[in-house]
Every structure is written in structure tokens, then in C-alpha cells.
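Observations on the model geometry
Here are the chains, one letter per residue:
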Amino acid sequence: MTFATLGLIEPLLRALETLGYQTPTPVQAQAIPAVLAGRDLMAAAQTGTGKTAGFALPLLQLLTMEGPKVAANSARALILCPTRELAEQVHASVAEYAQHLPLTTYAVYGGVSINPQMMKLRKGVDILVATPGRLIDLFRQNALKLNQLQTLVLDEADRMLDLGFSEELANIYRMLPKKRQTLLFSATFSDDIRLLAGQMLNDPLSIEVSPRNVAANTVKQWVVPVDKKRKPELFVHLMRKGRRKQVLVFAKTRNGVDALVDKLQGLGINADGIHGDKPQATRQRALDRFKASEVQILVATDVAARGLDIEDLPLVVNFDLPIVAEDYIHRIGRTGRAGNTGEAISLVCADEVNMLSAIEMLTRQTLTRKMEPDFEPEHRVPDTDASGQVVKKPKKPKKPKASGGGGKRNLGKWVDSGEVAPAEPSIKPVRKVPVFNTGPRKKK
Ligand code: AMP
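All values derive from a computational prediction rather than experimental measurement. Starting from 1, residues in each chain are numbered consecutively following that chain's sequence as written. Only residues with pLDDT of at least 70 are given local features in this predicted model, and only at 80 or more are side-chain atom pairs given and counted; all residues enter the totals for whole chains, interfaces and linings. Calculated side-chain values reflect all of the structure's heavy atoms, with hydrogen atoms and water omitted.

**Notes on the confidence of the model for the protein**
For every residue, the predictor assigns a confidence score, pLDDT, that lies between 0 and 100. Put simply, the protein has an average pLDDT of 84, and 83% of its residues get 70 or more. Here, two residues are considered to be in contact whenever any of their heavy atoms come within 4.5 Å of each other. Segment residues 401-444: pLDDT under 50, and 71 contacts once partners within four positions in sequence are set aside and those in other chains are kept.

Here it is as C-alpha cells:
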């Protein structure tokens, strides 16, 4: 099956070709024809299944082929997401898919000034990606009207309810035109989600796909706490100790990729790197050599690794944690596929604690920490768990200063010495305001 046989138009096929998507994923194969036919959808699909393209591609096609031009302060399609990170990520994907279409896209979320968002909405946007709270603010301030809305997408609906957005969703529901297409995506289908679906959807088609790369049981995941400056040394140590053959390594930045590759090559280790600054042909060559086992270690940024068609790998290393928690699932989904077991090791330093916390909250698990002898960090990584809490240990009382100072070295041991970003989780804490649910809230 190809994207062309699913009935997608040429400008979308061209965008997919650039992105290197060759075959539709199962959720795409089911969702695309159904959405093009105007059906409502209730899809059990997690991050990593390709669900974003599953709703975005047919949505873009419908908006291109049908309907009036967008009016001022209006949106023709609305994609609701639980977090700012997901909203940004979904918007980035939608914008990539829409690159050859005459459509406008925009993302709005809280935590930033509302004024530029109001300005941007003046001309109207075809596709608006939004978090629920900010959407309501914009609506109440008359910056956004929803009477032109054709399609509503609820992305990660279960997480929206988990994060306490049920009241906001009920409000938004009242703001929507009755005649519309609604697509609901959720990893889980609790009673609350079914209730929401019952109210929002009209004769929906149900789709269920087995997740391609859930933070799966088949992937053994753990974290090695380490000081930032010692990460390269620790990485080399772990590779040598484990006699690792093929490893995909993720670094946060392009410079990070280059620095690690230089270091590894300097040590005679067979490594190569891919990132957005490198021409496509160079990236492809590095990837081909990695696949052919001519390169042992491939270091990549998230963007460069997107859509990489790599067979199952035994080990993925997060040299840096991803800024967007969902990327963690994409990253580790490169291992433990098709029933194989895999490993995912994350090297985590103290100032990545909020990212660690966001990942644990997203994957609903506390990652095991394993100290590597001789690499115990001087800057402690504060405790975290799946609730999104970062536990700071109380500061040890300072010893009276010996004459001559020299206190700086001691201070460095403590997380509140200024080495760590403040513990503001990147995902909103849980608020429980059941509104759709008429009965008592069920324990998940
Ligand atoms: P999602 O589940 O939508 O977050 O997508 C997971 C990842 O798979 C993203 O990095 C997408 O760019 C990538 N992706 C989605 N569909 C395809 C496809 N048909 N072929 C290759 N990569 C894809």
C-alpha cells in the first residue's frame, strides 16, 4: 500500500516524499480513507504510531478541496492537545505536511503572552493547534470565533482528562458548531473517554492499532546519573564495557552531535553523525553505512532521526534527554521492535531533572537509576517519579568556613547551588475537575 493508493493529492505526496515516509503506518492506512470520506473517528493509537499524519493528512486535503476561505478571527480546523510541547510538535508536523498547500497553520498555548496570538488570529488560520485553556481565553476575548469550524481533533484525549481539562473540554464543546467532523485519538479508552466520545462524536468509526513503539515492556530502560561534563567519558566507558556493536545515540543539538562524533573518532571509534545542517545526501550516506554495519555508532538529533527507516536496534542511548518528552518514546521505539528485546540508556545530569520528570509522567513509570562506579555525579540529580514531582533534598547545613575560603567546590555538590533549572515541570500538574463524568471519578 502507498499513500497514493489511499487517495492523497499530489502536494501531500510530494511533502511525504521529502520527509522520507514511504509506506503508511496501520493507523494511517485506516484513518486516512475514513477521514477523507467525512467519518468521525475514535482511534486507539499512541504516540509513535504515526497518528499525527493519520489525522493531519486527510484533514489538510479536505480543507484544500472543500469549504470557503477562512474568515477573520476564525479557524476551519482545530486540533486540541494536552500540552504545549505536544501542540508545538503537532503544529510542526502539520506545517511540514502542508508545505505545498495554500493553507495557514498556527499553534496557541498558555504560558506565553496572548497578544501576539490575538494579532496572528486576526486574519484567521485554516488549522489551529491549541491547548484547551488558551483556546478558551482567546474565544472569550473575541479573538477567535468557531462558527466556521469544519473539523475538531482531540489529540491524546486521555491525557487531557488526566491533566484535569474535562471542564475546559465541556466549555469548548458548547462553543462548537453542531455540524462538524470530530476525530478523537487516545492511548487508552477509560469510561471517561467513552463518555467524552459519546458526547462529541457522531457514529464514529473505531480504529485500534497496536502501538509500534510504546515505552514498551520489551525495552529495558534505565538512567545513569552523571555530571554533564563527564557524559562523553561515561558514554565511551559504557560502550567499551558492554562491547556494544550497533548503537543509535541521541544528542540535543547539532553541536552536541558534532562534538561527540569528533571525540569518538579521535578515540578510533567508528562513529558518524546526522543532523539538520548536513545535506540530505550526507545524512543518507551515514545512515546507509550504519545500516550496513560499517558504522558502529550513529549520533543524531531528533529532527534528523525523524522518519529514519532503521530496522530493530539492540540499544538506543540518550546522550541528552529530549526537550519534548514525547520524543523519548520516539527515540526508544527504535529498539525492542517486533517482539525483540532492546535497551534504552539515558545519561542524565542534574539540570535535566525536569525533562526526566516529564518523561516519567508521560510514560507513567519511574525509570530505574543505576549509578556507574567512578561516575557518581557531584551535582546530584534530584529524585523524580511518575507523578511529575521533583523532590529536592533539603540543603545540608554548611560547615563553618575554614579560613582561606575554597567553598566553591563544596557548593557545587548541591542542587540548589544554581546548577539546576527551577523545578517547574514542563507538563502541567494534575488537576481533577470532573465535568463530563456524572458519577464518581474512577481510579485509573
Ligand atoms: P506520531 O505517532 O504521529 O507522533 O509519529 C511518530 C513518528 O513517526 C514521527 O517522527 C513521524 O514523523 C514518523 N512517521 C509517521 N508516519 C510515518 C510513515 N508513514 N513513515 C515513516 N515515518 C513516519
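**Examining the pairing of strand S11 (residues 297-300)**
Remark: exposure states derive from per-residue accessible area (1.4 Å probe, protein chains only) relative to the maximum for the residue type, with buried under 20%, exposed over 50%, and partly exposed in between. Strands here are runs of E lasting at least two residues and helices are runs of H or I lasting at least four, both read from the DSSP assignment and numbered beginning at the N terminus. Burial along S11 is two-sided: Ile297 and Val299 and Leu298 and Ala300, pointing in opposite directions, are all buried. Of the pairings in the sheet, the one linking strand S9 (residues 247-250) to S11 comprises four bridges and is parallel in character. Looking at the pairing, valine 249 lines up with valine 299 of S11. Alignment of strand S10 (residues 271-274) against S11, held across four bridges, turns out to be parallel. Bridged to glycine 273 within S11 is valine 299. Assessed by its sense of winding, the connection that carries the chain from S10 through helix H12 (residues 280-291) to S11 is right-handed. In this description, strands pair whenever DSSP reports at least two bridges between them. By convention, orient the strands away from the viewer: a clockwise path from the first strand over the helix to the second makes the crossover right-handed.

**A few points about the environment of glutamine 46**
Relative to the helices and strands, glutamine 46 is located in the loop between strand S1 (41-44) and helix H3 (51-65). Sequence separation of glutamine 46 and serine 186 is 140 residues, and the distance between their C-alpha atoms is 6.7 Å.

**Quick word on the site of the ligand**
Taken together, 14 residues surround the ligand, and among them Tyr21, Gln28, Gly48, Gly50 and Thr52 come closest. Between the ligand and tyrosine 21, the relevant distance is 2.4 Å, taken from an oxygen atom to a side-chain nitrogen or oxygen of the residue. A distance of 2.9 Å is found between a nitrogen atom of the ligand and a backbone nitrogen or oxygen belonging to threonine 23. In these tables, accessible area is a Shrake-Rupley quantity obtained with a 1.4 Å probe, and a residue counts as shielded only by the protein chains included in the view. Considering the ligand on its own, with 500 Å² of exposed area, one finds that the protein chains cover 90% of that surface. Gly is put with the polar residues, along with every residue not named as nonpolar or charged; the nonpolar set is Ala, Val, Leu, Ile, Met, Phe, Trp, Tyr, Cys and Pro, and the charged set is Asp, Glu, Lys and Arg. Residue composition of the shell around the ligand, grouped by class: two nonpolar, 10 polar and two charged. In this document the domain limits rely on a domain assignment from an automatic tool or a database. Each of domain 1 (4-208) and domain 2 (219-391) accounts for three or more of the residues forming the shell around the ligand. Here, proximity means that at least one heavy atom of the residue falls within 4 Å of the molecule or strand. The term polar contact refers here to a pair of N or O atoms within 3.5 Å; inside protein, the definition further demands a hydrogen-donor-capable atom paired with an acceptor-capable atom, and it admits residues adjacent in sequence only when both atoms are side-chain atoms.

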